[in-house]
Structure formats: structure tokens, C-alpha cells
Amino acid sequence: MNDPKRINGFSRLDKASRRNWLREQFLDTEAATVLSQFDVDGALQEVLDNFSENTVANFPMPFGVAPNFIVNGKTYAVPMVIEESSVVAAASAAAKYWMPRGGFGAEVLSAEKLGQVHFRWSGSPERRAALLPSLCTRVRAQTAHLTERMDARGGGVRNIVWKHLPEIAPDCYQLLVSFGTADSMGANFINTVLEAYGQELRRWATDSPELTDDERDLEVIMAILSNHTPNCVVRAWVSCPIEQMNVPGSGVDAADFARRFKLAVDIARQDTYRAVTHNKGIMNGVDAVVLATGNDFRAIEAAAHAFAAQDGTYRSLSRCRLTSDTFHFELTLPLALGTVGGLTKLHPLANLSLQLLGQPSAEELMCVMAAAGLAQNFAALRSLVTTGIQKGHMKMHLQNILSSFNATTEERTQAECHFNGKTVSHHAVRAFVESMR
Ligand code: MEV
């Protein structure tokens, strides 16, 4: 520990001491002032600090709104937290495009979550059918105090399957448990119940009169929810007559646009290189709403990509269908969300986002979020198969580079004029700004 950049007990330091230590060991004094630049008032700062550990600063992200989203006939202003330029603009443009064409439809196909207890057991796989009913009754009874409130909210444990996993080891088993979690994401609820199941499973092996002595060796390996949520799935879609699929200023007529659009989606259904980028575009919209509403974007991402690869090949999450006169575009993806619990009430902006959305149920939020993902995908493909994306991106890129040079309003106006139709690069913008100063 002679190296002063190594430390014991960082977590026990108060925030000021952590900042001091970082300044002394890693930062210059000017850089270190940024750490306190985004602090907020006392009580709120304490709430933010308590979300995580070793906190030294707040990390601000832009919070935007995409208005004019019609989902199942209801109008939403959708909150989006994202650092990438053009995403909110694209979502807003797509929402506006579909507004006079009937908006977005969406339906929740299923809303079930899963968890697993993994264990080793000395009994034979054939005994499972005979033992499962009483085991289920026992674990359910022993955890009734944990599930009571969720049961009352319409959730709780739905089903228990006892799987044998000989491909891992001959004595490897799993309880696969499905849950309803009402309007909560339910991670804590599921993990608490599963850990209690694990404990009861151990007791069952020790004292169940149904077991022979050879069947009493049971070792619980782990109990945890699964973020693979193929039974918590929502579908969103848009549809209209092909003749209405005009894209003014693109130089492509409605029928040609629909044809090129469908081909772009078909490419992403078959080609993994394209599918990953295509789905990344969908997740631009989804993640931004996930973050704004205080949900878990890592869980949503992991589940979406597993779902995209469910037949063994990674494919586009969206599909496009053309009949002789109709354009239909849809997105199906898993979204395990909560609108109560977790950060949803604690984070003032997550709370505000849910208020903006009219305090939706988890299922309603699934619908809105899927619509945001589909809108994002539509906007990206619309640009890609017509003008290309750089045209729109470059406008935002120019603004970001100008910000890095602290450009004045006058300088911005002149730069916008100068770069209209020209390639925007950091080097070129710097040269232009310097020529003006
Ligand atoms: C950029 O963040 C997202 C896109 O690459 C998505 C796509 O290519 O479909 C524009």
C-alpha cells in the first residue's frame, strides 16, 4: 500500500474527504471543482447519495420530452433521458408522422416474470413428479407471509416447475418459478421469495417423510430472478394505407419508400451485423424512457437481446409487412418494468416522468415504451432508406462542437449558415470559429 493512489476505507470517508483524496491523487484543482458543480440541496442530495456507494458527484443527463405520441388512442408526452443527439428529435418526428395516420397500437402479450433456485440433489429425476405437489404446497405455505401483500395486489407465485439439468451435472436441478408482480418490477420480491424457497428446500430434504435416506443430500447453489423475460412481452405497431406513406422532401414516392423500408427491416431479420445496429436504434428509444421512469436499463437490454436471439440467430426485434395496399410495422420485445417501488418514487424526475405519463400501470408503461422503441426504429429506417442519417445528425453534431468552443449565439448562427450542405468535422468547426474570433 505504498502507492498513495491505493486506498483502504474509501467508502468510510465522507464525501468531502473522498473529493479531496481524488483531487490530491488524480485531478488538478480546476477539474476537481466539477465534482461539486452539480450538487443539489441537502435533503435531495442525501436521497441521490443513498442510491449508490462511494458517491462523489451527481452526473447530469439531458431530460427531454417527445410530444404527440398517440398510443391506443391516448396522447402522451413521453419523457426521455438520453445523451445521444437526434434521438428525442427522431422520436418526436416519428410520433408526429404517425399522429394523423392513427398513432400507435400496443398490447401486452404476457406479464410474467421468472426466477430460479438452482440445487444439487441425490434423488432420481423420475421422483420429481411424485414429490413436486407436496414440495410446492410446503414452500408456498412457508412463504405465505412474504407473498400475502403481492397476492392481494393480483401478483404472487404463479407456477413452479422442477427441472432436471443433466447437461450441467447428473444431480443438477432447478426450480423455475413464475411470478406476477403487479405494477412493481418485483426484483426484491422475487429474490426474497426465492431465497426463502432455497431455505425451505434444505429443510424439506432433511425432514420430509416422503424422502428415503438416499434422497436427503441436497445443496442449494443459488436463488435469483432471471432477467430473461420471454413471458413479459409487449407488441406495438403502426399501420396505414401505403399511399399515405409519403416522406416529403426525400425524393422517394410513398410506394417506393414502403418497399425500401420493408427491405431494410428484412435485412435486419436475416443479417446479424445489421440486426444489432437496428436493435440498438430501437433501444435508443426504449432505454431513454426506461431511464426517465427510473427503471433498470441493464435488465431491459439483457432481456431484449436474449429475446432477439431466441431462435439461435440474433434478429431484428421489429418486422414489416406489406399487403397490396397496406403498410404494417411492428415491434415485439420483453419489457419487465415497474411503476411503483424502486427509484420510481424516490427519484424526483422519475416520479415526475410517471406523472407526465398519467401514473400508468406497469402494463400501460410497457405499451408506451414499446411505441417509443418502434418510433425510434421507424425514424432511423426512414432516414436510412431516404436521405441517410448524417444529414440530421450533422446539425446536432455541429451544435455540440460549437458548445465545446463556448460559441456565442451570433457565432452559432454564422456557423449554421456556413456548414449548411458542408461536411461538419471538429477540425473544420474549430477553424471556422477561430476565423470569426
Ligand atoms: C444510432 O444511434 C442508431 C442507428 O444506427 C440505428 C439504425 O441504424 O437503425 C441510426
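Positions within a chain are numbered from 1, following the residues in the order the chain's sequence is written. With pLDDT at 70 or above as the cut-off, local features in this predicted model cover only qualifying residues; side-chain atom pairs require 80 or more to be listed or tallied, and sums for whole chains, interfaces and linings still use all residues. Calculation of side-chain values draws on the structure's entire complement of heavy atoms; hydrogens and water are dropped beforehand.

A. Highlighting the site of the ligand. Working definition: residue near molecule or strand if any one of its non-hydrogen atoms lies within 4 Å of it. Close to the ligand lie E84, R274, T277, H278, K280, G281, N284, A380 and L384, which account for all nearby residues. Two N or O atoms count as a polar contact when they lie within 3.5 Å, although within protein this holds only if one can serve as hydrogen donor and the other as acceptor, and sequence-adjacent residues are included solely when both atoms are side-chain atoms. A distance of 2.7 Å separates an oxygen atom of the ligand from a polar atom in the side chain of K280. A 1.4 Å probe that fits but cannot get out identifies a cavity on a 1 Å grid over protein atoms alone, an open set with protein on both sides within 12 Å along at least five of seven lines counts as a pocket, and a residue lines either if it has an atom within 4 Å of a point. Occupancy of a cavity or pocket is assigned to a molecule whenever over half of its atoms lie within 2 Å of that pocket's grid points. Cavity membership is defined here by more than half of the atoms lying within 2 Å of grid points; on that basis the ligand lies in the second largest pocket. Elements that contribute at least two residues to the shell around the ligand include exactly α9 (272–292) and α13 (362–384). Per-element tally for the shell around the ligand: the top contributor is α9, with six residues. Working definition: helices are DSSP H or I runs of at least four residues, strands are E runs of at least two. Numbering for both runs from the N terminus.

B. Broad picture of the domain arrangement of the chain. Along its sequence, the chain is carved into domain 1 (1–60), domain 2 (63–110 + 230–387), domain 3 (113–226) and domain 4 (393–436). Each of domain 1 and domain 4 has a C-alpha centre, and the two are 35 Å apart. Each domain's limits were defined by an automated method or a database of domain assignments.

C. Region of interest: helix α12 (residues 348–356). By the burial criterion, the buried members of α12 are A350, S353 and L354. The buried side chains of α12 occupy one side of the element, clustering within an arc of 95° when seen end-on. Any two residues having at least one pair of non-hydrogen atoms within 4.5 Å are treated as being in contact. For α12, the secondary structure elements touched by its buried residues are β1 (63–71), β2 (74–81), α9, α11 (343–346) and α13. Of the residues flanking the end of α12, it is G358, one or two places downstream, whose phi is positive at about 80°. Only protein chains enter the accessibility calculation, which uses a 1.4 Å probe. A residue is then buried if its area is under 20% of the maximum for its type, exposed if over 50%, and partly exposed in between. Regarding the arc, it is the one traced by the directions from the helix axis to the C-beta atoms.

D. The nonpolar core, seen in detail. By convention a nonpolar core is built from buried Ala, Val, Leu, Ile, Met, Phe, Trp, Tyr and Cys residues, the set being connected through side-chain atoms within 4.5 Å. Ranked by size, the top nonpolar core spans 70 residues in total, and within it F69, F327, F329, L335 and F378 carry the most contacts. Here this core takes 13 residues from α13, the largest share from any one element. Contact partners of F329, with chain neighbours within four places excluded, come to A236, W237, V238, F261, V265, S318, R319, C320, L374, N377, F378 and L381. Ranked by size, the runner-up nonpolar core spans 29 residues in total, among them V139, V177, Y197 and L211.

E. Fine view of a nonpolar patch on the surface. Taken together, the side chains of F59, M61, L291 and F297 make up a nonpolar region of the molecular surface, amounting to roughly 390 Å² of accessible area. For M61, the position within the fold is in the loop between α3 (42–51) and β1. Candidate patch residues must exceed 30% relative accessible area and have no salt bridge, after which like charges are joined if within 9 Å and Val, Leu, Ile, Met, Phe, Trp or Tyr side chains if within 5 Å. Each accessible area is a Shrake-Rupley result for a 1.4 Å probe, and residues are judged covered by the shown protein chains and nothing else. A carboxyl oxygen of Asp or Glu within 4 Å of a side-chain nitrogen of Lys or Arg is what we treat as a salt bridge.

F. Local environment of the pattern of salt bridges. Per the stated rule, a full pass over the model turns up 21 salt bridges. The salt bridge involving D213 is made with R216; its shortest N-O contact spans 3.8 Å. Two residues, E434 and R430, come together in a salt bridge whose shortest N-O distance is 3.9 Å. Of this pair, E434 and R430 both sit in helix α16 (residues 426–436), separated by four residues, roughly a single helical turn. A residue is classified by how much of its surface remains accessible, and R430, at 38% relative accessible area, is partly exposed.

G. Expanded view of the side chain of Q45. Assignment of secondary structure puts Q45 in helix α3. Residues contacting Q45, with those up to four places away along its chain left out, are K15, D39, V40 and N58.

H. Broad picture of α9. A rise of 1.5 Å per residue sets the reference length of α9, with its 21 residues, at 30 Å; its end C-alpha atoms lie 29 Å apart and thus fit the reference within 8%. Along α9, the helix axis deviates most sharply at M283, where the bend reaches about 30°. In the stretch just after α9, G294 is the one whose phi turns positive, near 70°. Take the residue count of a helix, subtract one, and multiply by 1.5 Å to get its expected span. One axis is fitted to the seven residues ending at the residue and one to the seven starting there. The bend at that residue is the angle between these axes.

I. Representation of the environment of M436 within the structure. The residue M436 is located in helix α16 in this model. Expressed as a C-alpha distance, the spacing of M436 and A415, which sit 21 residues apart in the sequence, is 9.4 Å. Apart from residues lying up to four places away in sequence, M436 is in contact with E411 and Q414.

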